[in-house]
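# Close look at the chain arrangement
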Amino acid sequence: MKKLILTTAAAVAMFVAQAQTTNWNLDKSHSSVKFAVEHLVISTVEGSFKTFNSTVSTTSPTNFEGATINFTIDVNTVNTDDEKRDGHLKTADFFDVAKFGSIAFKGATMKKTTGNNYKLTGELTMHGVTKTVTFDVKFNGLAKDPWGNQKAGFKITSTINRKDFGVGESTPGAIVSEEVTITTNLELVQAK
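Everything in this summary refers to the structure shown in the same document.

The rules behind each value
- Residues numbered from 1 in each chain as written.
- Predicted model: local features only at pLDDT ≥ 70, side-chain atom pairs only at ≥ 80, totals over all residues.
- Heavy atoms only, no water.
- Salt bridge = Lys/Arg side-chain N within 4 Å of Asp/Glu carboxyl O.
- Helix = DSSP H or I, 4+ residues; strand = E, 2+ residues; numbered from the N terminus.
- Buried < 20%, exposed > 50% of the residue type's maximum accessible area, 1.4 Å probe, protein only.

### Things to note about the pattern of salt bridges
Two side chains bearing opposite charge may form a pair once their charged atoms approach each other closely. Overall, the coordinates contain 5 salt bridges when judged by the stated rule. For Lys 151, the salt bridge is made with Glu 187, and the minimal N-O distance between the two is 3.0 Å. Here Lys 151 is found in strand E10 (residues 150-161), whereas its partner Glu 187 is found in strand E11 (residues 179-190), with 36 residues between them in sequence. Using a relative accessible area of 12% as the deciding quantity, one classes Lys 151 as buried. Between Lys 163 and Glu 178 there is a salt bridge, with the nearest N and O atoms lying 3.6 Å from each other. Linking Lys 163 in the loop between E10 and E11 with Glu 178 in the loop between E10 and E11, this pair joins segments that are 15 residues apart in sequence. We classify Lys 163 as partly exposed; its relative accessible area is 26%. We classify Glu 178 as partly exposed; its relative accessible area is 29%. When salt bridges that share partners are traced, they join Asp 27, Asp 145, Lys 151 and Glu 187 into one network.

This is the structure in structure tokens:
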């Protein structure tokens, strides 16, 4: 009898959790994924990816702690405003898009720290290598757009070492820094 009660309670809890799930889709026209590296230790070169997607699920329409987050980037859409450099980044010297055409992130934990700040930790897969990465997340708030859609805004940042992922291993850090700063601005729209 005790086992039946526990099984029933677990099923009810799962049903309630599923019923309360809020899904969010990416508003691509108001989002961006950018990166920056130092060049020759004297300047910063920035780039972005044109094509990316994200899905987010929360247990509350206003609280993102514990959110389930998945993110993918089409590496073929790398853009540094220099066609020749973009072509080089796509080769085996760097991203090797013929073998590794996408970057993926699967969030494991989203924990609130202070105020509207969170720490997002998960598995980042790039160039065939998966590593645990932690991002700093600033939740910019919720707002309704003119059509009544609920929106949520975030700024997400982290610094990774490109060589940890096997990207540009033969390129010295004095030419292109090993540290890469990632800045993602996300606007999400609540699914109806």
